[in-house]
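# Architecture at a glance
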Amino acid sequence: MLIKTFTITPFQQNTRVVACETTRKAICIDPGEKCEEIVEFINGNGLELQAITLTHGHLDHVGGTGDLAKSFPQAQILLHKDDEDLYYGLPQQPLFMGIAPHQMKALGFDYDAPPKLTRNWEHGEIYEVGELRFSIRHCPGHTRGHVVLAEETEKKVFVGDCLFEGTIGRTDLPGGNYDQLIDSITRNILSLDDDVTVYSGHGRETTIGRERTSNPFLTGQNQSTRGRFL
Ligand SMILES: [Fe+2]
């Protein structure tokens, strides 16, 4: 598996291109904003962008979808149905973050309406990218329609904003629910093996084993119900 991370947007979001090294078929997980280096990386490495695969609908994860789709019009665009309101409401999302309409352009949050989704993720489906097989797991709590993509043979999971090194996603935004997030992580992420590498939407990589034993939100040490990151 080929993985290239681009840390972009004012939120230091991790956009990733993930490819099958045998077939060169690729996906882009969560294009956060317009980024020419992503297009150059895909073309320069002879990759075929099969899909833009969205973990959830927050602006720092979907803001670059329209521009990337213009460069790769054949690529599918996939998102869970429960985050469609966030996705199609992208131009209005800065408002619920407290950014005033007249500030949007200056701060780089001036979005066009995003392109139409190809289809929705189904919990439990296996999504194939060449020889890679991702199991799609619905993990509501950070948003209603958040999914994670687990490649169990390669021992890698892409968790968006559910889980981070030492913390979890915030649950105080619309659609967030702390108890639901803990339940999602427990059922659908911690059920993976300890040696699976965790690729989060912000911050560094970690492992399932490290988070299972030391993440204070998962060990019960932390009684706060405030996670981090948009
Ligand atoms: Fe988010």
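What comes next is a walk through the structure. (Residues numbered from 1 in each chain as written. Predicted model: local features only at pLDDT ≥ 70, side-chain atom pairs only at ≥ 80, totals over all residues. Heavy atoms only, no water.)

### Remarks on the overall build of the chain
Across its full length, the chain holds eight helices and 14 strands. Computed over its C-alpha atoms, the radius of gyration of the chain comes to 17 Å, within 12% of the 17 Å expected for a compact globule of 230 residues. Expressed along its principal axes, the backbone C-alpha trace of the chain runs to roughly 50 × 45 × 25 Å. Residues classed as buried in the chain amount to 53% of the 230 residues present. For the chain, the proportion of contacts with a sequence separation of at least 24, taken over those separated by at least 6, is 61%. For the chain, the computed accessible surface area is about 9,900 Å², with 46% contributed by carbon and sulfur atoms. Both charge centroids of the chain, one from 22 positive and one from 32 negative side chains, sit 1 Å from each other. (Helix = DSSP H or I, 4+ residues; strand = E, 2+ residues; numbered from the N terminus. Rg over C-alpha atoms; globule rule 2.2 N^0.38 Å. Buried < 20%, exposed > 50% of the residue type's maximum accessible area, 1.4 Å probe, protein only. Contact = heavy atoms within 4.5 Å. Areas by Shrake-Rupley, 256 points an atom, 1.4 Å probe, with all protein chains shown as cover. Lys, Arg positive; Asp, Glu negative; His and termini not counted. Charge placed at Lys NZ, Arg CZ, Asp CG, Glu CD.)

### Describing the sheet that holds strand β3 (residues 25–29)
Read from one edge of the open sheet, six strands run β1-β2-β3-β4-β5-β6, paired in mixed fashion. A strand with exactly one partner marks an edge of an open sheet, and here the two such strands are β1 (2–8) and β6 (119–120). Both β3 and strand β4 (residues 48–53) contribute to a ladder of five bridges, which runs parallel. Each residue of the ladder has a partner; that of Ile29, found in β4, is Thr53. Packing against the sheet, helix α1 (residues 36–44) makes contact with β1, β2 (13–19), β3 and β4, and its axis sits at approximately 165° to β1. (Pairing = 2+ DSSP bridges. Axes fitted to C-alpha atoms, helices over the stretch in contact; angles between N-to-C directions.)

### Topic: the environment of Pro101
Its place among the elements puts Pro101 in the loop between α5 (93–96) and β6. When its relative accessible area of 60% is taken as the criterion, Pro101 is described as exposed. Distance from Pro101 to Pro91, taken between C-alpha atoms, is 10.0 Å for residues ten residues apart in sequence.

### Here's the deal with the sheet that holds strand β14 (residues 206–207)
The strand order β7-β8-β9-β10-β13-β14 describes an open sheet built from six strands, whose pairing is mixed. The open sheet has two edge strands, β7 (126–129) and β14, and neither has a second partner.

### Here we look at the environment of Ile99
Here Ile99 shows up in the loop between α5 and β6. Taking relative accessible area as the criterion, Ile99 reaches 11% and is therefore assigned buried. When the C-alpha atoms of Ile99 and Phe109 are compared, they prove to be 8.8 Å apart, with ten residues separating the residues in sequence. Look past the residues within four positions of Ile99 in its chain and what remains in contact with it is Pro94, Met104, Leu107 and Phe109.

### So, the packing of aromatic side chains
Taken as a whole and judged by the stated rule, the model has seven aromatic pairs. Each ring, one from Phe109 and one from Tyr111, has its centre 6.5 Å from the other, and the planes form 50°; the classification is tilted. One exposure class covers both Phe109 and Tyr111, and it is buried. A network of ring pairs unites the aromatic residues Phe11, Phe109 and Tyr111 as a single cluster. Cation over ring: Lys4 sits above Phe6, and NZ or CZ is 5.7 Å from the ring centre. (Phe/Tyr/Trp six-rings, centres within 6.5 Å; stacked < 30°, edge-to-face > 60°. Lys NZ or Arg CZ within 6 Å of the ring centre and 35° of its normal.)

### Quick notes on the pairing of β4
Burial of β4 is extensive: five of the six residues sit out of reach of the surface. In this view, the connection linking β3 to its parallel neighbour β4 by way of α1 has right-handed handedness. When β4 meets strand β5 (residues 76–79), the two strands line up parallel, connected through three bridges. The residue bridging Thr53 from the neighbouring strand is Leu78, located in β5. (Right-handed = clockwise from strand over helix to strand, strands pointing away.)

### Overview of the nonpolar core
The tendency in soluble globular proteins is for nonpolar side chains to be buried side by side. Residues Val17, Ile38, Leu49, Leu54 and Leu68 are the most contacted members of the largest nonpolar core, which totals 30 residues. At four residues, the largest contribution of residues to this core is made by α1. With sequence-adjacent residues up to four places away left out, Leu54 is seen in contact with Asp30, Pro31, His61, Val62, Thr65, Ile77, Leu78, Leu79, Tyr87, Leu117, Trp121 and Val147. Judged by nonpolar contacts, the second largest core, of 19 residues, contains Ala150, Leu181, Leu192 and Ile208. (Core = buried A, V, L, I, M, F, W, Y, C linked by side-chain atoms within 4.5 Å.)

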